Amino acid sequence: MFRFIHSSDLHLGKRFGGFSGDLPGRLREARHGVLGRLADHAREQEASAVILAGDTFDTETPASDVRRQALTEMGQHPSIRWVLLPGNHDSLQAAELWSCVAAEAPPNVTLAQEAEPVALARDVFVLPAPCTTRRPGRDTTAWMDAAPTPEGALRIGLAHGAVQTFAEEGSTEEVIAPDRARRAGLDYLALGDWHGAVQIDERTFYSGTPEPDRFKHDRPGEALLVSLNGARALPQITPLATGAFQWRTLDLQVLSHDDPVDILRSLITEPNQRRQTLVRVLASGHCRLARHAALVAHAEDLSPDFAWFELDMDGLALEHEVDDLDDIERSGALRVAADSLLREADDTSLSSAERAVAGAALARLYRRAREMTS
Amino acid sequence: MKLDALRMFNVKRFADSGVSIEGFGDGVNILCAPNEAGKTTSFEALNALFFVKHSSTAADARTLRPYSGGNCLVETDVTTPRGRYRLTKQFFGRSHAKVLDLATNQILSQADEAEAFISDLVQGGAGGAAGLLWVRQGVTGWDRRPKAEEDSEKNARTNLLQSVQGEVETITGGRRMAEILSATAASRAELVTATGRPRAGGKYAAAIDLRDRLQAELQRLDTEVQALREALDRRASIQRRLAEVESPEERQARLEAVTAAEAAFEDARLQHEALKTLEAELNLATERRSAVLREHDQHRDALARLAALSADLQAARSRHGESVGRRSAAGDAEKTARAEADQAEEAVVAARAALDQGDAAQRARDAVARSQAHRDSLAQAIGIRSEIETLSAKIAAARVPSDAIRDLEALDVKIVRLTAIRDAARPSVTVEYEAGAQARLQLDGQDLAGGEDHGYDGHATLFAPGIARVHLRSNRPDDPGQLTALEDARRVLLASIGVGDVDAARARQTQAQHLEGLLGVEKARLAVLAPEGIDRLQEIVAADEDIDPGLLDLDLDRDALRATYEAAVERRRAAVASLGECETIRSAADAAYVAAQTALAGLEAQEGQIAAILGPVDTRETRLETLAGSLALLQEAQVEAQVKVDALRGRVTDLAIAEAALRRVRSVKEAAEREVGSLREENAALNAQIRTRSDEAVEEDRNEKAEALAAAAARVASFEHEVAILDRLHGALDAARAEARELYLTPVMTELAPLLSLLFEDAVIAFNDQTLLPETLIRKGLEEEVACLSGGMREQLSILTRLAFARLMARGGRPAPVILDDALVYSDDDRIERMFNALHMQARDQQIIVFSCRQRAFQKLGGAALQMTAWTP
């Protein structure tokens, strides 16, 4: 049996400029820390190798400290064989990067820079398909079909890129053939590029990133423990948790009778995990002024608990009832102002932006009035 | 709140002293005192107590301090619905504030708590409603003041209205509306200015600034990244190129190409040298053939020319012989004519002498007849002679001897002539052989032909074979010597005349001729008197007296003598003419001889030249044949050489092409070496550039900035949305409040109307929506701008409006004292009394305190009179 850990898309050195405060630093440090966590898993699972399927570095010219510290960390685990494949972010076009890595890499680091079999262990070969450029424009795994390996040896494909194109007239020749494992007689095809773990077929897997870096995939960071029990045996795949931070997109769907605050409470993680969680709440549906104000207030109250908290209420429409306006003022100038804003919010002759502004202004008036009352 | 007493110590003019005003009552209170008594000081001390923090050292506190310095103490007793209190503040050293409960004599609060207590009493301090009611001297509300002060008062009016309108709060929103509007405005003001521009230093402006900075930074980093990528691409390209250029195969191929090109060039060079040798041989053969051809043609032409010249020579010699004959005949004729001329001259001389003797005899006879007349004429003639002598002396000085010019001209002619005939005058020998003579004379070894004129120069030898050798010698001087003598004679003659040339001599002669004209006149007179001269006349006179008697007796035929003489003269003329003709003929014969001799000599010279070319006569034809043979041989050699050249030229490699090929492959090799060097240098530079940029992590930096920019742009958009919301909310609130503002002002108008009626009949005031100040005064249907009213009216309206506000406060349960410091200074006596009535009308439930220096005018105000007394804390 041969065991290894399949991971990809570490994007070391990514800086997270969209955030502020100390969060970018924490996120950056977490990416570096994933190397140690992968090594720990490898030792625990008796895996002899960690295969990184591209995009180990976020750019083609990472800072020297990022590069050196990563290699040093790998060198700290000499019993583990690290295999680094150039991805689209750190393609072979980054000659400077790979020449430096080659010069600085500790002995247990193997650079998969050539499309030729690399012996990983006795009768275990990795067939790498490095990205020669940022967009190679071809199926880099095509060569694997005819790649010679000894009879009975394990063939592990290693590639980085998409298996389908999303372009309307995209050529399938530019993506990795989804059935490459079958065509090339691979025992396992380790893919990178997709940041969420995905199984393409029984031998083909995207590991996803071990440390999420965006809200898109809404999966915890994980790597795949791959166990090969011999040539042509189906691989056994075991996900391993590796992420230090969780990136969660919470879909807050509110109906008229719902209390958005209750819904949000049900979605929120336990308090002890909040510091390591980035949350984006996407509110949608309809709610009345009082609940709208309550949701905003609750979000403001929750926000400091999390590494990042964002409430997007663009999709949440306001519903207005007379008694909502009575909460502002039953009569007088305040009521006149509230009535005028309500009329505007419901006036279909105005643009949606104008109506949204009027509705938000009414919500703001409601909140201020309620604050004064309380 | 009502004031009960005011005390102050060491305030302004009360340096190190104190004063107190006790006994403030309800209604109107008045403190009348002259200028410099301390009224305004009291007002300012009271104002500072209520509106200036005890810890303040700002201008409003410093105004209290006397020139001598020290601490300022102000104290007042007040009555409020909650109790009576003593408020004390000390400014500057050991500054403090405290509130004493007069009922318990306990300190109620101190320091900041005391300040808060006092602020609450006046409802917000100077910016509060109470501050509005304190009117300083000359302040009407319309005068231009600092904006902060105007805004403060405006807020006070607004707050006052909002706070006192309890009965209309349900309509206007009251305090809640004000607070929401204020909070909204404050939120908006944090983001944007009144004109909607992002507020400097605010979050919105900071977000925009951050976004702009990030945009600029991103743009810079994009450029950096682009440069980095280009550098990476360029380096990759360089390295590929280096690998190509430096590959052993490429290097070997370049070396082999150079070697092959060098060998080809050497081969071509050798072929080229051989060709040049053959071409030189061809040129030599061609030259030799051309030389022989020229010699052959020259020989052939010389033979032809010699044949043609023989006829010419024969004709020339014939013409030469003829000219010698004609020249000899002309010489004989000339000799005969000259002898006849000499004989004719002698005959003329003899005939003349006979004629003269006949004339002398006749004159002797005539003299006897004219003896007396001759003596008179002699006397006149002597006088004329004297005149003639004078003229003659002048003429002598100017005269050029007539023969001198003639001689000069003659010398010129001779010189020309000698030059022309020098050759013609050459001595010659002509032989006429006897018929049947066997021998021939030889002149200088040459046979002399008969009848020919043979010339010679200097010495010559005439040889008569078997007879004698005759040595001939020409004594003719050398022509050049004769000519020189003539030219020397001409120079001497010119020198003797004293002129440089013939023309100058002629000019002198002209002058002399003029004098001679004059002389001629005198001479004519003399000639009339003495036709034959004075001497002659004297002789005649003497002769008259001494006549040869023999003459008188001589009887000769004068006509016959004359006829003889004229015949002799005619003979001499004819002889001279004949001589001239002969001389002309001789001259022509000489010229013809010279021409014939010259032509003959020229032809003989040509014959000599051709003979020299042709060589000996007997070898001439053989030489022509030899040359023709050589020419044929050389022609063959030339053709053979041409064939060799053409053959080699056809197969020789073009040296220029071989050299160009060699240059090309060498340049390829050198260019490759240069390119390698250049690429290595560029590669090194790119390495440094890439390493530097990599160390700076420009890509990571760029991605970070891109994400930060997206976040910043979202934040700016969020602020824009927030501003839009606040704008809309503020607009809605403002519009609602404006709608209700008329309702706000209704109570003020209610309070103001009776006050106005005290001063103006049928007067209505309209307020400005923004300033809440009276804007227009409408009287009897006429609308007037308050700002255009007189100072007195503006002042009165200001006070009445304040009284109306004070009434509103009082009705709202928060009465505040109205304090007027030297107000109504512009009001006339009639109006001031009406204002007093207004004050009293409002003072029913309102404390009004008036400070004035117009003691007499304000006597009619009534109310409680206040006094200032000395006070020490």
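Please read all numbers here as calculations on a predicted model, not as lab measurements. (Residues numbered from 1 in each chain as written. Chains lettered and ligands numbered in written order. Predicted model: local features only at pLDDT ≥ 70, side-chain atom pairs only at ≥ 80, totals over all residues.)

1. Describing the overall build of chain A
Next up, step 1: Within chain A, the regular secondary structure consists of 9 helices and 15 strands.
Next up, step 2: Relative to its full complement of 374 residues, chain A shows a buried share of 47%.
Next up, step 3: Of the contacts made within chain A by residues no fewer than 6 positions apart, 71% connect residues no fewer than 24 positions apart. (Helix = DSSP H or I, 4+ residues; strand = E, 2+ residues; numbered from the N terminus. Buried ≥ 20, exposed ≤ 12 C-beta atoms within 10 Å, placed from the backbone. Contact = placed C-beta atoms within 7 Å.)

2. Re unusual backbone geometry
Residues and elements named next belong to chain A.
Next up, step 1: You will see that Asp55, though not glycine, has its phi angle at about 55°, which is positive.
Next up, step 2: Along the chain, Asp55 turns up in the loop between strand E2 (49-52) and helix H2 (64-75).
Next up, step 3: The phi dihedral of Asp193 falls on the positive side, at around 120°, and the residue is not glycine.
Next up, step 4: Positionally, Asp193 belongs in the loop between strand E8 (188-192) and strand E9 (198-201).

3. Observations concerning the pairing of strand E1 (residues 2-11) of chain B
All names here are of chain B.
Next up, step 1: Most of E1 is tucked away: 7 of the 10 residues are buried.
Next up, step 2: Pairing analysis gives 7 bridges linking E1 to strand E4 (residues 72-80), with the strands arranged antiparallel. Residue pairing for E4: Met8 is matched across the bridge by Val74.
Next up, step 3: Both E1 and strand E2 (residues 14-22) contribute to a ladder of 6 bridges, which runs antiparallel. (Pairing = 2+ DSSP bridges.)

4. Looking at the sheet that holds E1 of chain B
Residues and elements named next belong to chain B.
Next up, step 1: A sheet is described by the order of its strands in space; here 7 strands give the open sequence E7-E6-E5-E4-E1-E2-E21, paired in antiparallel fashion. With partners counted over all chains shown, the strands left at the sheet margins are strand E7 (106-110) and strand E21 (868-870), one partner each. Sheet twist, expressed as the mean angle between neighbouring strand axes with direction ignored, is 20°.
Next up, step 2: The sheet strands contacting helix H1 (residues 39-51) are E1, E2, E4 and strand E5 (83-91), and the helix crosses E1 at an angle near 105°. (Axes fitted to C-alpha atoms, helices over the stretch in contact; angles between N-to-C directions.)

5. Considerations on the packing of helix H5 (residues 260-267) of chain A against helix H6 (residues 289-302) of chain A
Residues and elements named next belong to chain A.
Next up, step 1: In the contact formed by H5 and H6, the axes pass within 8 Å of each other and the chain directions differ by 35°. Touching Pro260, Val261 and Leu264 of H5 are Arg291, Ala294, Leu295 and His298, all from H6.
Next up, step 2: Split into classes, the residues belonging to the contact of H5 with H6 amount to 5 nonpolar, 1 polar and 1 charged. (Nonpolar A, V, L, I, M, F, W, Y, C, P; charged D, E, K, R; others polar.)

6. Some words on the sheet that holds strand E14 (residues 277-288) of chain A
All names here are of chain A.
Next up, step 1: Strand order in the open sheet made by the 3 strands is E13-E14-E15, with parallel pairing throughout. Single-partner strands in this sheet number two, and they are strand E13 (246-254) and strand E15 (308-319). Neighbour-to-neighbour, the strand axes of this sheet turn through a mean angle of 10°, independent of strand direction.
Next up, step 2: Of the strand pairs in this sheet, E13 and E14 are connected by 9 bridges, and their pairing is parallel.

7. Re the packing of helix H8 (residues 332-346) of chain A against helix H9 (residues 352-373) of chain A
All names here are of chain A.
Next up, step 1: Two numbers describe how H8 lies on H9: the axes approach to 7 Å, and their chain directions differ by 150°. Looking at the two axes, H8 sits roughly antiparallel to H9. Of the two possible hands of crossing, H8 and H9 adopt the one that is left-handed. Contacts between H8 and H9 involve Leu334, Ala337, Ala338, Leu341, Leu342, Glu344 and Ala345 from the former and Glu354, Arg355, Ala358, Gly359, Ala361, Leu362, Leu365 and Ala369 from the latter.
Next up, step 2: Here the residues of the contact of H8 with H9 sort into 11 nonpolar, 1 polar and 3 charged. (Parallel < 35°, antiparallel > 145°, perpendicular 65-115°, else oblique. Left-handed = near helix turned anticlockwise from the far one by under 90°.)

8. Things to note about the nonpolar core
Next up, step 1: Grouped together as the largest cluster of nonpolar side chains are 137 residues, with contacts concentrated most on Leu158, Leu362 and Leu365 of chain A.
Next up, step 2: Examining the composition of this core, we find that 12 residues originate from one element, helix H19 (residues 698-759) of chain B, more than from any other.
Next up, step 3: A domain split of this core shows at least three residues from each of domain 1 (2-241) and domain 2 (246-373) of chain A.
Next up, step 4: Core analysis: the second largest hydrophobic core is formed by 72 residues, Leu752, Leu800, Leu803 and Met809 of chain B among them. (Core = buried A, V, L, I, M, F, W, Y, C linked by C-beta atoms within 7 Å. Domains from an automatic or database assignment.)

9. Details of the interface of chain B and chain A
Next up, step 1: Taken together, the 39 residues of chain B in the interface contact 34 residues of chain A.
Next up, step 2: Elements that contribute at least two residues to the side of chain B that touches chain A include exactly helix H6 (169-172), helix H7 (174-191), helix H8 (203-245), helix H18 (655-695) and H19 of chain B.
Next up, step 3: It is H19 of chain B that contributes the most residues to the side of chain B that touches chain A, 21 residues altogether.
Next up, step 4: Grouping the constituent residues of the side of chain B that touches chain A by class yields 21 nonpolar, 5 polar and 13 charged.

10. A word on the environment of Glu487 of chain B
Residue and element names in this part refer to chain B.
Next up, step 1: Within the secondary structure, Glu487 sits in helix H12 (residues 479-497).
Next up, step 2: Note on Glu487: 13 C-beta atoms within 10 Å, which makes it partly exposed.
Next up, step 3: Between the alpha carbons of Glu487 and Ile415 there is a distance of 7.3 Å; along the sequence they are 72 residues apart.

11. Describing the pairing of strand E1 (residues 2-7) of chain A
Each regular strand carries side chains that alternate between the two faces of the sheet.
Residues and elements named next belong to chain A.
Next up, step 1: Most of E1 is tucked away: 5 of the 6 residues are buried.
Next up, step 2: Bridge analysis of E1 against strand E11 (residues 222-228) gives 5 bridges, and the strand direction is antiparallel. The partner of Ile5 across the bridge, within E11, is Leu225.
Next up, step 3: When E1 meets E2, the two strands line up parallel, connected through 4 bridges.

12. Describing the environment of Gly69 of chain B
All names here are of chain B.
Next up, step 1: In this fold, Gly69 is placed in the loop between helix H2 (59-62) and E4.
Next up, step 2: On the neighbour-count criterion, Gly69 (12 C-beta atoms within 10 Å) is exposed.
Next up, step 3: Along the primary structure Gly69 and Ala15 are separated by 54 residues, whereas in three dimensions their C-alpha atoms are 8.0 Å apart.

13. A few points about the environment of Arg490 of chain B
Residues and elements named next belong to chain B.
Next up, step 1: By the element assignment, Arg490 lies in helix H12.
Next up, step 2: On the basis of neighbour count, Arg490 is assigned to the partly exposed category, with 19 C-beta atoms found within 10 Å.
Next up, step 3: The spacing of Arg490 and Ile415 is 75 residues in sequence and 9.8 Å in space, taken between C-alpha atoms.
Next up, step 4: With sequence-adjacent residues up to four places away left out, Arg490 is seen in contact with Leu408 and Leu411.

14. Observations concerning helix H3 (residues 95-104) of chain A
Owing to its 3.6 residues per turn, the α-helix brings residues three or four apart onto one side.
Next up, step 1: Turning to H3 of chain A, its buried residues number three or more, namely Glu96, Leu97, Trp98 and Val101 of chain A.
Next up, step 2: The inward-facing, buried residues of H3 of chain A abut H2 and strand E4 (109-111) of chain A together with H8 and H18 of chain B.

15. Some words on H5 of chain A
All names here are of chain A.
Next up, step 1: Restricting attention to buried positions, one finds in H5 the residues Pro260, Val261, Ile263 and Leu264. Projected down its long axis, H5 shows its buried positions confined to an angular sector of 160°, all on one face. Residues Arg265 and Ser266 are exposed on H5 and point more than 90 degrees away from its buried face.
Next up, step 2: If you follow the buried residues of H5, they end up packed against E13, E14 and H6. (Arc of directions from axis to C-beta.)

16. Comments concerning the confidence of the model for chain B
In regions of low pLDDT, the predicted coordinates are not meant to be interpreted in detail.
All names here are of chain B.
Next up, step 1: Confidence in the prediction of chain B, expressed as mean pLDDT, is 81, and 90% of residues score 70 or more.
Next up, step 2: The low-confidence segment residues 124-128 (pLDDT under 50) makes 16 contacts with residues lying over four places distant or belonging to another chain.
Next up, step 3: Scored below 50 in pLDDT, residues 160-171 shows 30 contacts in the model against residues more than four places distant or in partner chains.
Next up, step 4: The complex prediction reports pTM at 0.50, with the ipTM value standing at 0.81. (pLDDT = per-residue confidence, 0-100.)

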